[in-house]
Amino acid sequence: MEPGCLRLAVLASGRGSNFLAILEAIKQGRLNAQIEVLISDKSAALALQKAEEAGIPHIFIDPSLFPDRPSYESEIVKQLQAREIDLVVLAGYMRLVGKVLLQAYPHRIVNIHPALLPSFTGLHAQRQAVDYGVKFSGCTVHFVDDGMDTGPIIEQVVVPVLPDDSEDDLAERILVQEHELYARVLQWIAEGRVYIEGRKIYVDHD
Ligand code: GAR
């Protein structure tokens, strides 16, 4: 991607703390980007309310109004293209991304996952880590492909799992790292430092 101010769309299904962390990084000048729109698939998503409070354009697109995933995603693509979006940022977007969105934005959709992929994909990643008894978990930012949390990994941060951690304890400590990691990776993309070769991602740190 060419270096410059990134026009972002954030897709979120829930609380929206990663959305707010990205917005804060932009305000603080750590991230050269602009959030053009927040799109949610859930009318009750707190993320929509937070976007409203922050004065960011926000849209609820109701998946139940569409006969299938391609037509639902075509509506998303229409909204993204109308705003000339460079990069689609999944932030707690709890749906698999299908062909229509992937083909419209090849290698231009990123996701954050609260585990060290390829471990603990899907829902309740932090609970899976606690239940499995791993000593380290963390978070991963990756490009999205047609699998569940399977796309090429851009960067990961390790978070220790403490002996008495509950799912919530671990989730809380991982979330702090997510907020820092996502803004950092997005800035690398804005600076044109991220290169893709098959499954491997190289970041130019010079
Ligand atoms: C975050 O922990 C994010 O990593 C996770 O959902 C949470 C959203 O929080 N995403 C996934 O599990 C995706 N597989 P937020 O709405 O406060 O940003």
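Parameters and conventions
Residues numbered from 1 in each chain as written. Predicted model: local features only at pLDDT ≥ 70, side-chain atom pairs only at ≥ 80, totals over all residues. Heavy atoms only, no water. 1 Å grid on protein atoms, 1.4 Å probe; cavity = no way out; pocket = protein on both sides within 12 Å on 5 of 7 lines; lining within 4 Å. Points joined across faces, edges and corners; volume = space filled by probe spheres on them. Helix = DSSP H or I, 4+ residues; strand = E, 2+ residues; numbered from the N terminus. Near = heavy atom within 4 Å. Polar contact = N/O pair within 3.5 Å; in protein donor to acceptor, adjacent residues only side chain to side chain. Areas by Shrake-Rupley, 256 points an atom, 1.4 Å probe, with all protein chains shown as cover. Sits in = over half its atoms within 2 Å of the grid points. Nonpolar A, V, L, I, M, F, W, Y, C, P; charged D, E, K, R; others polar. Buried < 20%, exposed > 50% of the residue type's maximum accessible area, 1.4 Å probe, protein only. Pairing = 2+ DSSP bridges. Contact = heavy atoms within 4.5 Å. Phe/Tyr/Trp six-rings, centres within 6.5 Å; stacked < 30°, edge-to-face > 60°. Lys NZ or Arg CZ within 6 Å of the ring centre and 35° of its normal. Patch = residues over 30% accessible without salt bridge, like charges linked within 9 Å, V, L, I, M, F, W, Y side chains within 5 Å. Salt bridge = Lys/Arg side-chain N within 4 Å of Asp/Glu carboxyl O. Lys, Arg positive; Asp, Glu negative; His and termini not counted. Charge placed at Lys NZ, Arg CZ, Asp CG, Glu CD. Axes fitted to C-alpha atoms, helices over the stretch in contact; angles between N-to-C directions.

This part is about the layout of surface pockets. Estimates place the volume of the largest pocket at around 890 Å³. Contributing to the lining of the largest pocket are 37 residues, with Gly 92, Met 94, Ile 112, Pro 114 and Gly 122 lying nearest its centre. Considering every element that reaches the lining of the largest pocket, the biggest residue donor is helix H6 (residues 167-190), with 6 residues.

Moving on, we get to the site of the ligand. Taken together, Arg 15, Gly 16, Ser 17, Asn 18, Gly 92, Met 94, Ile 112, His 113, Pro 114, Asp 149, Leu 175 and Glu 178 make up all the residues around the ligand. Contacts to the ligand include Glu 178, whose side-chain N or O atom sits 2.7 Å from an oxygen atom. When isolated, the ligand has an accessible area of 450 Å², and the protein chains bury 90% of it. Among the cavities detected, the one that contains the ligand is the largest pocket. Those elements that provide at least two residues to the shell around the ligand are helix H1 (17-27), strand E5 (109-113) and H6. Residues that form the shell around the ligand fall into these classes: 4 nonpolar, 5 polar and 3 charged.

On to the pairing of strand E6 (residues 136-143). Looking along a regular strand, one sees the side chains alternate between the two faces of the sheet. Most of E6 sits out of view: 7 of its 8 residues are buried. As paired elements, E6 and strand E7 (residues 153-160) share 7 bridges and run antiparallel to each other. Directly across from Ser 137, in E7, lies its bridge partner Val 159.

This next bit is on H1. Given 3.6 residues per turn, any residue in an α-helix points the same way as the ones three and four places further on. For H1, the tally of buried residues reaches 8 of 11 residues, placing the bulk of the element in the interior. By the burial criterion, the buried members of H1 are Ser 17, Asn 18, Phe 19, Ala 21, Ile 22, Leu 23, Ala 25 and Ile 26. Residues of H1 that are buried sit in contact with strand E1 (6-12), strand E2 (33-40), helix H2 (46-54), strand E4 (87-90), E5 and H6. Backbone geometry just downstream of H1 places Gly 29 in the positive-phi region, at approximately 80°.

The next point concerns the side chain of Gln 79. Looking at the secondary structure, you find Gln 79 in helix H3 (residues 69-82). The exposure class assigned to Gln 79 is buried, which follows from its relative accessible area of 17%.

This next bit is on the packing of aromatic side chains. Each aromatic ring pair is described using two quantities: the centre-to-centre distance and the angle formed by the ring planes. Within this structure, the stated rule accounts for 2 aromatic pairs. One Lys or Arg, Arg 95, reaches over the ring of Tyr 72 and ends 5.5 Å from the middle of that ring.

Let's shift gears to a negative patch on the surface. Together, Asp 164, Asp 168, Asp 169 and Glu 172 make up a negatively charged patch on the protein surface. Looking at where Asp 168 falls in the secondary structure, it is placed in helix H6. Among the residues examined, Asp 168 registers a relative accessible area of 55% and is labelled exposed.

Once that is clear, we can look at the sheet that holds E7. Pairing within the open sheet is mixed, and its 7 strands lie in the order E3-E2-E1-E4-E5-E6-E7. Sheet topology places strand E3 (58-60) and E7 at the edges, where each strand pairs with a single neighbour. Across this sheet, the average inter-strand angle for adjacent strands is 20°, counted without regard to direction. Here H1 sits on the sheet and contacts E1, E2, E4 and E5; the angle it forms with E2, its principal contact strand, is near 165°. Each of E1, E4, E5, E6 and E7 is contacted by H6, which is oriented at about 155° to E7, the strand it contacts most.

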